[in-house]
Amino acid sequence: MVAVTAGCGAATSTSDSNAGNKDVAVGGQSFTTADAETAKFGSDAEAGQFPRTVTHANGTTEIPAKPQRVVVLDTGELDAVLSLGITPVGIPSTEGANSVPSYLADEVKDAKTVGTIQELNLEAIAALNPDLIIGSQLRADKLYSQLNQIAPTVFSIRPGFPWKENFLLAGESLGEETKAVSVLNDYQTKATALNEDVEGDPKISLLRFMPEKIRLYANKSLIGVILADAGFSRPENQNIDDLAAEISAENLADADADWLFYTSYGTPEATGEKAAVEGPLWGQLQAVKDEQAIRVNDDVWFLGLGPTGANQILDDLRGYLVK
């Protein structure tokens, strides 16, 4: 049996403009929208101009001047601000294999830790004297009023599949909306080129081992959106409008496809990955027999949640899929 793990947010849309993000003013966008509700957020201010009012998941926030000291509350916001050329002063740690996503770690050596994503330290945040805090309702809604007393705070609805819309919201909050649209246009150009260079129509499966659960990632996930943007096919059990479908170790056959990309959130020993890969069912998968079962970096493929990570995933896919 496959148990579905629901994603939250609005239904998938291919709308290519919204009032909050000044697409026409900044040259237009070539990328699609994954979450229409998040795409409504933003500011009506002229590009780069402050003060501005930003509409977001928790209402409106006044930002008097271009932020200089930014605290981020999740890995998606971390990727987003770094992708805009801004180094945050405060970042959370994760409970994955690395406390900070490895592909971003060198860029935030001097940033202070403000607790974990699950347990933020408000005193540590306040001590940094931020002038902007960026996070999400899903992670920290109960702390919003306290955070907003420390500094202007902007929340998306959730991390994950609305990563492009969340990135645009970060751009609006930082006065970098022109650059945000440019970054995403370049990403979509890269995704389209990848699709054109891959022979045939391979089905791609995404398997992630986690403590006490095994997930097949579906359309409402970072990587699900990336695969859709690049025009790749998915197995039927993953071509669903949810974050993921959960399977048991006895049902590893449900993960099979032309290509299988897998990883762990944590160590392979703790998540059950090691036992599965060394077990009798793994070698029966066609992707394994074809040497097309590839272990990938969890920090990038599942924790990145922003354009820098997304571009690295496209690079990874090109390296494996383009002959």
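Everything below is about the structure shown above.
Each chain carries its own residue numbering, running from 1 in the direction its sequence is written. This being a predicted model, a pLDDT of at least 70 is required before a residue's local features are given, and a value of 80 or more before pairs of side-chain atoms are given or counted; all residues contribute to the totals for chains, interfaces and linings. Excluded from the side-chain calculation are hydrogens and water; included are all heavy atoms of the structure.

A. Main features of the sheet that holds strand β4 (residues 59-63). A pair of strands is labelled paired if DSSP reports no fewer than 2 bridges between them. In DSSP terms, a helix is any run of H or I states spanning at least four residues, a strand is any run of E spanning at least two, and both are numbered starting from the N terminus. A sheet is described by the order of its strands in space; here three strands give the open sequence β2-β3-β4, paired in antiparallel fashion. Only two strands of the sheet have a single partner each, and these edge strands are β2 (42-43) and β4. Bridge count for strand β3 (residues 52-56) against β4 is five bridges, and the pairing is antiparallel. Note on β4: the bridge partner recorded for H56 is G59. Against the sheet, helix α6 (residues 163-174) makes contact with β2, β3 and β4, and its axis sits at roughly 160 degrees relative to β3, the strand it touches most. The contact criterion used is simple: two residues touch if any of their non-hydrogen atoms lie within 4.5 Å. All axes here are fitted lines through C-alpha atoms, helices being fitted over the stretch that makes contact, and every angle between N-to-C directions spans 0 to 180 degrees.

B. Summary view of the nonpolar core. Judged by nonpolar contacts, the single largest core of 67 residues is most densely connected at I223, I226, F261 and W301. The biggest single contributor to this core is helix α7 (residues 177-197), with seven residues. Among residues more than four places away in sequence, those in contact with I226 are W163, Y187, A310, I313 and L314. V89, L122, I125 and I133 belong to the second largest nonpolar core, which has 14 residues in total. Put simply, a nonpolar core is a bunch of buried Ala, Val, Leu, Ile, Met, Phe, Trp, Tyr and Cys residues held in one set by side-chain atoms that sit within 4.5 Å of each other. When accessible area is computed with a 1.4 Å probe and restricted to protein chains, residues below 20% of their type maximum are described as buried, those above 50% as exposed, and intermediate ones as partly exposed.

C. Helix α2 (residues 75-83), seen in detail. Burial runs high along α2: nine of the nine residues are buried. When we look at burial in α2, the residues that qualify are T75, G76, E77, L78, D79, A80, V81, L82 and S83. Remark: G85 follows α2 within two positions and exhibits a positive phi of approximately 80 degrees.

D. Quick peek at the environment of V70. Tracing the backbone through its elements, the reader meets V70 in strand β5 (residues 70-72). The spatial distance from the C-alpha of V70 to the C-alpha of G85 is 12 Å, given a sequence separation of 15 residues. Those residues in contact with V70, other than ones at most four positions away along the chain, are V81, I86, P88, V89, G90, D131, L132, I134 and L174.

E. Representation of helix α13 (residues 307-321). Here the expected span of a helix is defined as 1.5 Å times the quantity of residues minus one. In this model α13 runs 21 Å from its N-terminal to its C-terminal C-alpha over 15 residues, within 8% of the 21 Å that 1.5 Å per residue would give. Taken residue by residue, α13 has P307, G309, A310, N311, I313, L314, L317 and L321 as its buried positions.

F. Molecular detail of the packing of aromatic side chains. Each pair of aromatic rings taken from Phe, Tyr and Trp, with Trp reduced to its six-membered ring, is defined by centres within 6.5 Å and is described as stacked if the planes are under 30 degrees apart, edge-to-face if over 60, and tilted in the remaining cases. Enumeration according to the criterion identifies seven aromatic pairs in this entry. Seen from their ring centres, Y262 and W282 are 4.9 Å apart, and the 75 degrees between their planes marks the pair as edge-to-face. Of this pair, Y262 sits in strand β13 (residues 259-264) while W282 sits in the loop between α10 (273-278) and α11 (286-289), placing them 20 residues apart in sequence. The two residues Y262 and W282 agree in class, both being buried. An aromatic cluster is defined as three or more aromatic residues linked by ring pairs; in this entry it consists of W259, F261, W301 and Y320.

G. Highlighting the pattern of salt bridges. Whenever Lys or Arg places a side-chain nitrogen within 4 Å of a carboxyl oxygen from Asp or Glu, that contact is recorded as a salt bridge. Taken as a whole and assessed by the stated rule, the structure comprises 13 salt bridges. Here K40 makes a salt bridge to E37, at a shortest N to O gap of 3.4 Å. The exposed category is assigned to K40, whose relative accessible area is 53%. Note on E37: relative accessible area 33%, which makes it partly exposed. Of the charged contacts in the structure, one is a salt bridge between R318 and D197, with a shortest N-O distance of 2.9 Å. You can see R318 sitting in helix α13 and its partner D197 sitting in helix α7, a full 121 residues away along the chain. Judged by relative accessible area, D197 falls into the partly exposed class, the value being 38%.

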